[in-house]
Amino acid sequence: MGHVLHGRRAEQAALGALVTDALEGRSGALVLRGEAGIGKSALLDWTAERAGVDGVRVVRVTGVEAEADLAFAGLVGLLWPLQSRLDDLPEAQARALHSVLGGPAADEAPSDRFRIGLAVLTLLAELAGEQPVLCLVDDAQWLDRASTDALTFAARRLGADGGGHGVRGAAGGVRRAGAG
Ligand SMILES: Nc1ncnc2c1ncn2[C@@H]1O[C@H](COP(=O)(O)OP(=O)(O)O)[C@@H](O)[C@H]1O
Ligand SMILES: [Mg+2]
């Protein structure tokens, strides 16, 4: 692909450093802000491409304005490609994420938000134990509240003690917020 970005060296350096940190076992988070059309998504695409080339697993989701009030819509997008990993989690946490995703293993509507946040944390930590992980959220201002809460719950803990949860590969979180 090759995203050629003009005049974004400082931003690319910061995002590149986050990827390098993840490769070296350090967690981090970064928020990109800016008005519509200024190039936030382009920077995230560039970051995802670079991370992928470097061997970082990229999980990403985009907030959608029409789904901003739909609890867990964002988490569904983020977890969809990771469904096969849910059953590696402690049973109660696996059930919590199945309840978000629906399907035959879901026995109830998602309710226990603490357990869902915990399950997202465990899942990201397990992934990061295998390979560095970069979690990208584009248009975070439109991510539903429940998904934002679960992701920030996980991000705070992954950032707080990189090694403590077996997060040797580290999770880099890049979130985008701001208008448009
Ligand atoms: N630094 C840049 N150099 C060249 N083209 C860019 C740059 N940043 C953004 N663009 C282009 O401008 C348009 C809007 O960028 P986009 O990333 O969608 O903005 P945002 O996500 O902030 O609304 C896209 O077509 C994108 O490819
Ligand atoms: Mg955009």
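A quick note: this is a predicted structure, and the numbers were derived from the prediction, not measured.

Trainee: What's the story with the packing of helix H4 (residues 91–101) against helix H5 (residues 113–130) in this structure? I'm lost.
Mentor: A packed helix pair is summarised by two numbers, namely the angle formed by the two axes and the spacing between the axes. Direction vectors running N to C along H4 and H5 enclose 105°, while the axes themselves pass 8 Å from each other. On the basis of the axis angle, H4 is roughly perpendicular to H5. Residues Ala92, Gln93, Ala96, Leu97 and Val100 of H4 touch H5, and the partners they reach there are Arg115, Ile116, Leu118, Ala119 and Thr122.

Trainee: When you look at the packing of helix H1 (residues 9–23) against helix H2 (residues 40–53) in this model, what are you seeing that I'm missing?
Mentor: Orientation of H1 relative to H2, taken along the N-to-C sense of each, is 35°, at an axis distance of 10 Å. Note on packing geometry: the crossing formed by H1 with H2 is right-handed. Contacts from Glu11, Gln12, Leu15, Gly16 and Val19 in H1 reach Leu43, Trp46, Thr47, Arg50 and Ala51 in H2. In terms of residue class, the contact of H1 with H2 is built from five nonpolar, three polar and two charged.

Trainee: Any chance you could explain the site of ligand 1 here in plain terms?
Mentor: Surveying the vicinity of ligand 1 reveals 13 residues, the closest of which are Leu5, Gly39, Lys40, Ser41 and Ala42. Considered class by class, the residues forming the shell around ligand 1 number four nonpolar, seven polar and two charged.

Trainee: Is there a simple way to explain the nonpolar core in this structure?
Mentor: Most often, soluble globular proteins keep nonpolar side chains buried together rather than apart. Counting 43 residues, the largest nonpolar core has Val120, Leu124, Val133, Leu134 and Ala154 as its most contacted members. Broken down by secondary-structure element, the contributors of at least two residues to this core are H1, H2, strand S2 (57–62), helix H3 (73–79), H4, H5, strand S3 (133–138) and helix H6 (145–160). Element by element, the count of residues in this core is highest for H5, at ten residues. Setting aside its immediate chain neighbours within four residues, Val120 contacts Ala150, Leu151 and Ala154.

Trainee: Would you explain the environment of Gln93 in this entry?
Mentor: Residue placement: Gln93 occurs in helix H4. Remark: the alpha-carbon pair of Gln93 and Val120, spanning 27 residues in sequence, is separated by 8.4 Å. When residues no more than four places from it in sequence are discounted, the contact partners of Gln93 are Arg115, Leu118, Ala119 and Thr122.

Trainee: Could you clarify how one ought to interpret unusual backbone geometry in this entry?
Mentor: Backbone geometry at Phe72 places phi at a positive 75°, although glycine is not the residue there. Relative to the helices and strands, Phe72 is located in the loop between S2 and H3. A positive phi angle is found at Asp139, which is not glycine, with a value near 50°. Secondary-structure assignment places Asp139 in the loop between S3 and H6.

Trainee: Help me understand the pairing of S3, please; the structure alone is not making it clear to me.
Mentor: Two faces make up the sheet, and in a regular strand the side chains alternate between them. Burial analysis of S3 places six of its six residues in the buried class, which makes it a mostly covered element. On S3, burial covers both faces: Val133, Cys135 and Val137 on one face and Leu134, Leu136 and Asp138 on the other are all buried. Note: S2 against S3, six bridges, orientation parallel. Directly across from Arg60, in S3, lies its bridge partner Leu136.

Rules of the game
Residues numbered from 1 in each chain as written. Chains lettered and ligands numbered in written order. Predicted model: local features only at pLDDT ≥ 70, side-chain atom pairs only at ≥ 80, totals over all residues. Axes fitted to C-alpha atoms, helices over the stretch in contact; angles between N-to-C directions. Helix = DSSP H or I, 4+ residues; strand = E, 2+ residues; numbered from the N terminus. Parallel < 35°, antiparallel > 145°, perpendicular 65-115°, else oblique. Contact = placed C-beta atoms within 7 Å. Left-handed = near helix turned anticlockwise from the far one by under 90°. Nonpolar A, V, L, I, M, F, W, Y, C, P; charged D, E, K, R; others polar. Near = placed C-beta within 6 Å. Core = buried A, V, L, I, M, F, W, Y, C linked by C-beta atoms within 7 Å. Buried ≥ 20, exposed ≤ 12 C-beta atoms within 10 Å, placed from the backbone. Pairing = 2+ DSSP bridges.

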